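A look at the structure
Below are the chains, spelled out letter by letter.
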Amino acid sequence: MIDRLWVFNQRAAVNLLDYYTTIEIIISLFIAGLLALVYKNSHYSKQQKRSCYWSLGLLLIINLIEWTSVMLDGVSGQYRIWLVINKFLNYSLIPFLGYFVIHIWVRHSKYDRLLAVLLPGNVLFQLASIFTGWTFWIDQNSHYHQGRYYIVYLFICIIVMFAIVSAYHQFEQKTFSGNRLFVFYTFFVVFLGIVIQEVSG
């Protein structure tokens with residue numbers, strides 16, 4: 001009976017990973033489609049296109065890192081260090097996504113100085129977490145866990161989301177475009193989804 005339950009759990013885990021991989025592929029194709037739309041968009045300036053490319057490219061990288069982290073979770077041995085690196089990169093890069101999204105609409109944001117301190121500070125915080133477990137820690141069985149100061153990282157993401165909304169409001173006061181509203185909605189919802197996914201563990 002126990003053996004049958006073990007086999008069932010193993011099959012369920014494999015099916016779940018296959019499902020997760022399928023979702024990640026769909027998301028990646030969606031991002032690739034957005035890249036193509038940005039490339040063909042004649043209304044965007046070079047600066048706006050550059051910010052879009054950085055945002056979408058970073059989103060693809062984050063998506064790949066998140067998928068790799070799920071695949072490595074629970075895989076013991078030499079792969080544990082790669083899970084640690086993946087989690088460090090994931091928590092370090094996600095707030096940077098907000099910075100590039102902001103600069104799709106405005107060349108200079110009133111939050112640039114704050115983000116210039118906050119984002120590198122977050123990278124240092126995540127680097128320290130590798131050794132202290134503040135934001136995340138990986139146990140001896142290579143399972144990921146949220147750290148005791150995870151709330152600090154969450155607070156950083158909330159500040160970045162607030163900056164995104166504020167920057168769009170600043171842009172909207174000067175001009176309005178349904179196309180740019182779509183871009184705002186897309187990036188903000190994706191960023192919010194990433195944060196919710198991280199909080200849910």
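Here is a short report on the structure shown in this document. Please read all numbers here as calculations on a predicted model, not as lab measurements.

Criteria and cut-off values
Residues numbered from 1 in each chain as written. Predicted model: local features only at pLDDT ≥ 70, side-chain atom pairs only at ≥ 80, totals over all residues. Heavy atoms only, no water. Axes fitted to C-alpha atoms, helices over the stretch in contact; angles between N-to-C directions. Helix = DSSP H or I, 4+ residues; strand = E, 2+ residues; numbered from the N terminus. Parallel < 35°, antiparallel > 145°, perpendicular 65-115°, else oblique. Left-handed = near helix turned anticlockwise from the far one by under 90°. Nonpolar A, V, L, I, M, F, W, Y, C, P; charged D, E, K, R; others polar. Patch = residues over 30% accessible without salt bridge, like charges linked within 9 Å, V, L, I, M, F, W, Y side chains within 5 Å. Areas by Shrake-Rupley, 256 points an atom, 1.4 Å probe, with all protein chains shown as cover. Salt bridge = Lys/Arg side-chain N within 4 Å of Asp/Glu carboxyl O. Buried < 20%, exposed > 50% of the residue type's maximum accessible area, 1.4 Å probe, protein only. Core = buried A, V, L, I, M, F, W, Y, C linked by side-chain atoms within 4.5 Å. Contact = heavy atoms within 4.5 Å. Phe/Tyr/Trp six-rings, centres within 6.5 Å; stacked < 30°, edge-to-face > 60°.

**Describing the packing of helix H2 (residues 46-72) against helix H3 (residues 80-105)**
Their axes nearest at 9 Å, the elements H2 and H3 cross at an angle of 160°. On the basis of their axis angle, the class for H2 and H3 is roughly antiparallel. In this structure, the crossing between H2 and H3 has a hand that is left-handed. Tallied by class, residues from the contact of H2 with H3 come to 18 nonpolar, nine polar and two charged.

**A word on a nonpolar patch on the surface**
Together, Val75, Tyr79, Ile81, Trp82, Ile85 and Leu89 make up an exposed nonpolar region whose accessible area comes to about 530 Å². The topology assignment puts Val75 in the loop between H2 and H3. Among the residues examined, Val75 registers a relative accessible area of 30% and is labelled partly exposed.

**Description of the nonpolar core**
In this structure, Leu115 and Phe136 are the most contacted members of the largest nonpolar core, which totals 37 residues. Contributing elements (two or more residues each) for this core: helix H1 (2-40), H2, H3, helix H4 (112-132), strand S1 (136-138) and helix H5 (150-174). With residues near it in sequence (within four places) discarded, Phe136 still touches Val84, Lys87, Phe88, Tyr91, Gln126, Ser129, Ile130, Tyr144, His145, Gln146 and Gly147.

**Some thoughts on the packing of aromatic side chains**
For any pair of aromatic rings, the description rests on two quantities: the centre-to-centre distance and the angle between the ring planes. Considering all chains together, one arrives at nine aromatic pairs under this definition. Taken together, a centroid distance of 5.3 Å and an interplanar angle of 10° make the contact between Trp54 and Phe100 stacked. Here Phe100 lies in helix H3 and Trp54 lies in helix H2, a separation of 46 residues in the sequence. Given a relative accessible area of 19%, Phe100 falls into the buried group. Centre to centre, the rings of Tyr150 and Tyr153 are 5.7 Å apart; their planes meet at 55°, and the pair counts as tilted.

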